[in-house]
Amino acid sequence: MMEQFILVLLASFAAVFIATALFYECLCLISRFVSGMTTKHRPIMFIMIGGIFVAHAVAIFVYAVLFWLLTHHAGFADLSGYVPDHFPTYLYFSATSYSSLGVGDVFPVEGLRFLTGVETINGLILIKEHSAHIAENWILLILLLCPLMHIFMHGGHGGHGGHGGHGNHKRSNDEEEK
């Protein structure tokens, strides 16, 4: 029992270090790539969001590999719940733990519970970290939100000026008589 605790403690430390280092390197690459771009704002936003998604996916993958290795090669108890024993289950579990979603259909037992808690804390920290890289280009994101807000909040094009009959706005009886 103590051997498993020491192993999961070391594995947790290694996972935090590896996931955070890879995440940081991904964000540095994105920042360098985007800072040299002289293109329109939309491609920059898609590159930033896509790169951040990849960085999170890499961190999730690191934890999934660790969960799989600990259960299949270090004698830790398997995940419980609805658990087909294949690697995508470990990816799914890792993604729900990393994001702190915690669906509950797959859950850890024994020593893996500690690693799950560490992954959740690491995920929350890294999710917060990427907001700092987005903040570097906040003005671009605000400009990119304008067309989205226009489309979704005004019901598409032509929705200005009292909505001029566009959209799903009902007129009152007083307005119809005028």
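Residues numbered from 1 in each chain as written. Predicted model: local features only at pLDDT ≥ 70, side-chain atom pairs only at ≥ 80, totals over all residues. Heavy atoms only, no water.

With 31 residues, the main nonpolar core has Y63, F67, L70 and L115 as its most contacted residues. When residues of this core are traced back to their parent elements, those giving at least two are α1 (2–35), α2 (41–73), α3 (87–98) and α4 (112–135). Per element, the largest residue contribution to this core is twelve residues, and it comes from α2. Among all residues touching L70, those that are not within four sequence positions of it are L7, V8, A11, G75, F76, L112 and L115. (Core = buried A, V, L, I, M, F, W, Y, C linked by side-chain atoms within 4.5 Å. Buried < 20%, exposed > 50% of the residue type's maximum accessible area, 1.4 Å probe, protein only. Helix = DSSP H or I, 4+ residues; strand = E, 2+ residues; numbered from the N terminus. Contact = heavy atoms within 4.5 Å.)

On to the confidence of the model for the chain. Predicted confidence across the chain gives a mean pLDDT of 79, with 72% of residues reaching 70 or more. Helix α6 (residues 173–177) is the least confidently modelled element of the chain, averaging 50 in pLDDT, while α3 averages 92, the highest of any element. Counting interchain partners and residues more than four positions distant, the pLDDT-below-50 stretch residues 162–172 has seven contacts. (pLDDT = per-residue confidence, 0-100.)

Their axes nearest at 8 Å, the elements α2 and α3 cross at an angle of 125°. Taken together, the axis directions place α2 and α3 in an arrangement best described as oblique. Between α2 and α3 the crossing geometry is right-handed. Along the contact surface, α2 presents H56, A59, I60, F61, Y63, A64, V65, F67, W68, T71 and H72, while α3 presents F87, Y90, L91, F93, S94, A95 and Y98. Tallied by class, the residues present in the contact of α2 with α3 amount to 14 nonpolar, four polar and no charged. (Axes fitted to C-alpha atoms, helices over the stretch in contact; angles between N-to-C directions. Parallel < 35°, antiparallel > 145°, perpendicular 65-115°, else oblique. Left-handed = near helix turned anticlockwise from the far one by under 90°. Nonpolar A, V, L, I, M, F, W, Y, C, P; charged D, E, K, R; others polar.)

Attention shifts here to the side chain of S12. On the secondary structure map, S12 appears in helix α1. Here S12 falls in the buried class, since its relative accessible area comes to 4%. Setting aside residues no more than four positions away along its own chain, S12 makes contact with F114, L115 and V118.

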